[in-house]
Amino acid sequence: MTTTDTTVADSTAVATRTGPLTVARRLLARHYLVVVLVALCVAVGLARPSFWGTGNLSNVLFQASFVGLAACGMTLLISAGLLDLSVGGVIAVSSIAVATVLPHTTIGAAIALALLIGAGLGLLNGLLVTYVRIAPFIATLGTLYLFLGLAFIWTSGKVVPITSSNYRATTTGTLGWVPVPFLVLVVLAFVTYLVLQRTYFGRTLRAFGSNERAAELAGLPVARVKVGVFVVAGICFALAGVFMAGRLSSAEGNMAMGFEMNVIAAVVVGGTALRGGRATTFGTVVGAVLFAVLANALNLLAVASYWQYVLTGTVLVAAVALGARRSAAAEVRGAG
């Protein structure tokens, strides 16, 4: 066979590998969750046409927004191989702060206070994990109960109403039928993507998420970045609390009990590896919307509420299993 024949054969092989079918298969493998979401929406819409009502769709996006805002912070953490279970506590404390100060200050000042509290609580988590060297799971589980205890003491176990109609209008407003919180989520997700992919901070996160020891030997500021990512995550959790309090028109200690499981589920189902080193903010947003649609579908179909836990757990386990299988396949291809 001549050199020309070999070149032609190689070109043909490359063209075959990059043909339309192959490209479509790769896109499907990468964005399979979008296909699942679309299929679910179509199925629910056929069973209950009211699903496509703008009021219902707006409600779905509202629910997705609360999870998605917190999930952006969790995406940064999990990409670094970390975890924060204190989400519900951070949301409760920051929301109660908003409800407490709103009669005496401006909306902007109340939101700024909530974000500052979120940063402070995140800093505490970061210091415990980084310098006291408590495992993230244990440290943040402990601070979850600490923050919840503070919230209940602050309110004496009562609900604190939000009396500012302007605050409620600001945090629950819509552009057309698209909620303002969802628009904020889109912006935050884009910023999170830029942080992960285009900044030194994000590259350091992914580096020690893949191999912390190697990152330290390479001279990366692992300790500072680790504390910093907990602070950023705390701000994201508090931001979710700001909008959640507006939606509920009140704040209380148990307003976000168990919320961390929804957040982690959205991140992991979206494609972010629990072992760290790989993250996708687009997948996180899709995961948040997927679970909101699932919950809405169960309500429309009059399915008992506890089945939502069963379905969420099933989807999460399936997603983790699928992710582990894809990672193993990628390692085999890399070794080959």
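Computed from a predicted model, the values in this text were never measured in an experiment.

Trainee: Lay out the overall build of the chain with the relevant residues and their values.
Mentor: A count of helical and extended segments in the chain gives 15 helices and four strands. Looking at the chain as a whole, 45% of its 336 residues qualify as buried. Sequence separation of 24 or more characterises 77% of the internal contacts of the chain that already satisfy a separation of 6 or more. Of the roughly 16300 Å² of accessible surface on the chain, a fraction of 68% belongs to carbon and sulfur atoms.

Trainee: With reference to specific residues and values, describe a nonpolar patch on the surface.
Mentor: On the surface, L301, V303, Y306, W307, Y309 and V310 cluster together into a nonpolar patch covering about 660 Å² of accessible area. Counting through the fold element by element, L301 comes out in the loop between α14 (281-300) and α15 (306-335). For L301, a relative accessible area of 37% puts it in the partly exposed group.

Trainee: Explain the nonpolar core residue by residue, including any values.
Mentor: One recurring pattern in soluble globular proteins: nonpolar side chains tend to sit buried together. Ranked by internal contacts, the top residues of the largest apolar core, which has 91 residues, are M74 and F259. Here this core takes 15 residues from helix α4 (residues 54-79), the largest share from any one element. With residues up to four places along the chain from it excluded, the contact list for M74 reads L83, D84, V87, F237, V263, I264 and V267.

Trainee: Help me get a handle on the state of the cysteines, residues and values and all.
Mentor: Applying the stated rule across the entire model yields zero disulfides. With no disulfide partner, C72 has as its closest neighbouring cysteine sulfur the one in C236, 6.1 Å distant. Among the residues examined, C236 registers a relative accessible area of 5% and is labelled buried.

Trainee: Tell me what's going on with the packing of aromatic side chains, and back it up with residues and numbers.
Mentor: Tallying each qualifying case throughout the model produces two aromatic pairs. On the basis of an interplanar angle of 80 degrees and a centroid distance of 5.1 Å, the ring pair of F51 and W52 is categorised as edge-to-face. With relative accessibility at 46%, the residue W52 sits in the partly exposed group. Centroid distance F62 to F66: 6.4 Å. Interplanar angle 40 degrees. Geometry classified as tilted. Residue F62 and its partner F66 are both found in helix α4; the two are separated by four residues, about one turn of the helix. Note on accessibility: F62 and F66 belong to one class, buried. Seen from the ring of F62, R247 lies directly overhead, with NZ or CZ sitting 3.9 Å from the centre.

Trainee: Quick one: what's the story with the pattern of salt bridges, residue by residue and with numbers?
Mentor: This structure, assessed with the given rule, holds two salt bridges. A salt bridge links K226 to E212; the nearest nitrogen and oxygen atoms lie 2.9 Å apart. Here K226 is found in helix α12 (residues 222-248), whereas its partner E212 is found in helix α11 (residues 212-217), with 14 residues between them in sequence. Given the relative accessible area of 9%, K226 is considered buried. With a relative accessible area of 32%, E212 lands in the partly exposed category. A salt bridge links E216 to R213, with the nearest nitrogen and oxygen atoms 3.6 Å apart. Here R213 and E216 lie together in helix α11, a separation of three residues that amounts to about one turn.

Trainee: So, the side chain of S58: which residues are in play, and what are the values?
Mentor: With respect to the secondary-structure elements, S58 resides in helix α4. Excluding residues that lie within four positions of it along the chain, S58 makes contacts with T174, W177 and P179.

Trainee: For helix α5 (residues 87-101), give the residues involved together with the corresponding values.
Mentor: Given a rise of 1.5 Å per residue, 15 residues ought to cover 21 Å, and the 22 Å separating the end C-alpha atoms of α5 matches this to within 8%. Within α5, 13 of the 15 residues are buried, which leaves it mostly tucked inside the rest of the structure.

Trainee: Requested: an account of unusual backbone geometry, with residues and values cited.
Mentor: Not every positive phi belongs to a glycine, and S249 is a case in point at roughly 60 degrees. For A302, which is not glycine, the phi torsion reads 60 degrees and is therefore positive. Along the chain, A302 turns up in the loop between α14 and α15. Classification of A302 by relative accessible area gives exposed; the value is 68%.

Trainee: Explain α12 to me, using residue names and the numbers behind them.
Mentor: Helix length check: α12, at 27 residues, gives a terminal C-alpha distance of 39 Å against a target of 39 Å (1.5 Å per residue), a fit within 8%. With 21 of 27 residues buried, α12 lies mostly within the body of the structure. S249 sits one or two positions beyond α12 and adopts a positive phi of about 60 degrees.

Reading the values: the criteria
- Residues numbered from 1 in each chain as written.
- Predicted model: local features only at pLDDT ≥ 70, side-chain atom pairs only at ≥ 80, totals over all residues.
- Heavy atoms only, no water.
- Helix = DSSP H or I, 4+ residues; strand = E, 2+ residues; numbered from the N terminus.
- Buried < 20%, exposed > 50% of the residue type's maximum accessible area, 1.4 Å probe, protein only.
- Contact = heavy atoms within 4.5 Å.
- Areas by Shrake-Rupley, 256 points an atom, 1.4 Å probe, with all protein chains shown as cover.
- Patch = residues over 30% accessible without salt bridge, like charges linked within 9 Å, V, L, I, M, F, W, Y side chains within 5 Å.
- Salt bridge = Lys/Arg side-chain N within 4 Å of Asp/Glu carboxyl O.
- Core = buried A, V, L, I, M, F, W, Y, C linked by side-chain atoms within 4.5 Å.
- Disulfide = S-S within 2.5 Å.
- Phe/Tyr/Trp six-rings, centres within 6.5 Å; stacked < 30°, edge-to-face > 60°.
- Lys NZ or Arg CZ within 6 Å of the ring centre and 35° of its normal.
- Expected span 1.5 Å × (residues − 1).

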